[in-house]
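One-letter residues, chain by chain:
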Amino acid sequence: MSGNDDCISINKADKYYKQEDTMSLLTVKNVKKIYTTRFGSVKVQALNDVNFSVEEGEYVAIMGESGSGKTTLLNILASLDTATSGQVLLNGQELSRVSQKDLCAFRRDHLGFVFQDFNLLDTMSLRDNIYLPLVLAGVPYKEMEERIAPLSKKLAIEELLDKYPYEVSGGQKQRAAVCRALITRPDIVLADEPTGALDSKASGKLLHLFGEINGEGQTILMVTHSIQAAAHAGRVLFIKDGCVFHQIYRGNRSRDEMYRMISDALTVIQAQQEPEWRDDHE
């Protein structure tokens, strides 16, 4: 069996693959992405028949080596890129059918973003950075104040709101970025290496906050290289050669057990072995 065929068969056999599922919050069906070089002489397949779904309230991590396709997948889920073929549905709405003129509003209304490098504007206070998506959506100022109060308290930045990004630490910047992502009340938060620019202490605090936020019902999908970060998730998907190669469900496992299982899975993937994976859905 070829590597691609192996990936496809695993996708279709896994319990998270639902051919006719339109009830999941996020559904990815047979997504492929092929890039063509500038002069069209070479085609590179970044994603190959990716299938999975995310239920409302899940906390999912996506892992894979550089070049595995995980960033391409995240960009497609964020509607920043389009698939060559296949479907991505959010609450039953196919992203490819959202018109270009409506895309910005769609992202603002349904998606929350947390980036590795924070993406805060240094010319604006943390408060104004957090308010920005609501300003663009035309939300009244009184409602913005009502929304920011509980979030800033939970994220421990209420005393920092009038400071500028260059006046606060990396961990504080990232908590402000999380506040900005949550203040729109998104269907799903997409996090791209959220701990990548943080030290271990700040990373731990952020991951603890993500756990709390998810515990309150917020759906989170996180792309990460960090085993520590992925071990906080309820499910981990592994991407190899542009397809979903394996998955691990937390079930009743401890974080240490998840850490060891993720580490073992990455070792196998990096060694380019073809093990007979047992079903880890418990």
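Scoring rules and cut-offs
- Residues numbered from 1 in each chain as written.
- Predicted model: local features only at pLDDT ≥ 70, side-chain atom pairs only at ≥ 80, totals over all residues.
- Heavy atoms only, no water.
- Pairing = 2+ DSSP bridges.
- Helix = DSSP H or I, 4+ residues; strand = E, 2+ residues; numbered from the N terminus.
- Buried < 20%, exposed > 50% of the residue type's maximum accessible area, 1.4 Å probe, protein only.
- pLDDT = per-residue confidence, 0-100.
- Contact = heavy atoms within 4.5 Å.
- Expected span 1.5 Å × (residues − 1).
- Arc of directions from axis to C-beta.
- Polar contact = N/O pair within 3.5 Å; in protein donor to acceptor, adjacent residues only side chain to side chain.
- Axes fitted to C-alpha atoms, helices over the stretch in contact; angles between N-to-C directions.
- Parallel < 35°, antiparallel > 145°, perpendicular 65-115°, else oblique.
- Left-handed = near helix turned anticlockwise from the far one by under 90°.
- Nonpolar A, V, L, I, M, F, W, Y, C, P; charged D, E, K, R; others polar.

(A) Up close: the sheet that holds strand β4 (residues 85-90). Judged by pairing direction, the sheet is antiparallel, and its four strands sit side by side in the order β2-β1-β4-β5 without closing on themselves. On the outer flanks of this sheet lie β2 (43-54) and β5 (93-94), each paired with one strand and no other.

(B) Inspection of the pairing of β4 at higher detail. Note: strand β1 (residues 26-36) against β4, five bridges, orientation antiparallel. Paired with K29 across the strands is Q87, a residue of β4. Taken together, the two bridges between β4 and β5 define a ladder with antiparallel strand orientation. What sits directly across from L90, in β5, is Q93. Between β4 and β5, which pair antiparallel in sequence order, lie two residues; one of them, N91, sits at a positive phi of approximately 55 degrees.

(C) Up close: the pairing of strand β3 (residues 59-63). Extensive coverage of β3 is indicated by the burial of five of its five residues. The alternating pattern of β3 places Y59, A61 and M63 and V60 and I62 on opposite faces, both of which are buried. As defined by bridge partners, β3 adjoins strand β8 (residues 219-223) across four bridges and the pair is classed as parallel. Bridging from a neighbouring strand, A61 pairs with M222 of β8.

(D) Inspection of the confidence of the model for the chain at higher detail. For the chain, per-residue confidence averages 86 on the pLDDT scale, and residues scoring 70 or more make up 88% of the total. Throughout residues 1-6 the model reports pLDDT below 50, and contacts reaching past four residues in sequence, or to other chains, amount to seven contacts. Segment residues 8-22: pLDDT under 50, and 41 contacts once partners within four positions in sequence are set aside and those in other chains are kept.

(E) Layout of helix α7 (residues 200-215). With 16 residues, α7 extends 22 Å between its outermost C-alpha atoms, agreeing within 8% with the 22 Å of an ideal straight helix rising 1.5 Å per residue. Turning to α7, its buried residues number three or more, namely A202, S203, L206, L207, L209, F210, I213 and N214. Here the buried residues of α7 occupy an arc of 160 degrees about the axis, which is enough to place them on one side. Exposed residues pointing more than 90 degrees away from the buried face of α7 are listed as S200, K201 and G215. Residues of α7 that are buried sit in contact with β3, α5 (141-154), α6 (170-182), β7 (188-192), β8 and α8 (227-230). Near the N-terminus of α7, the side chain that reaches the backbone nitrogen of K201, with its oxygen 3.2 Å away, is that of D199. Just beyond α7, the residue with positive phi is G217, at close to 110 degrees.

(F) Just the packing of helix α4 (residues 126-136) against α6, in detail. At their nearest, the axes of α4 and α6 sit 8 Å apart, and the two run at 25 degrees to each other. It follows from the interaxial angle that α4 and α6 lie roughly parallel. Considering how the two elements wind past one another, α4 and α6 form a crossing that is right-handed. Between α4 and α6, the residues in contact are L126, N129, I130 and P133 and A176, C179 and R180, respectively. Across the contact of α4 with α6, the residue classes tally to five nonpolar, one polar and one charged.

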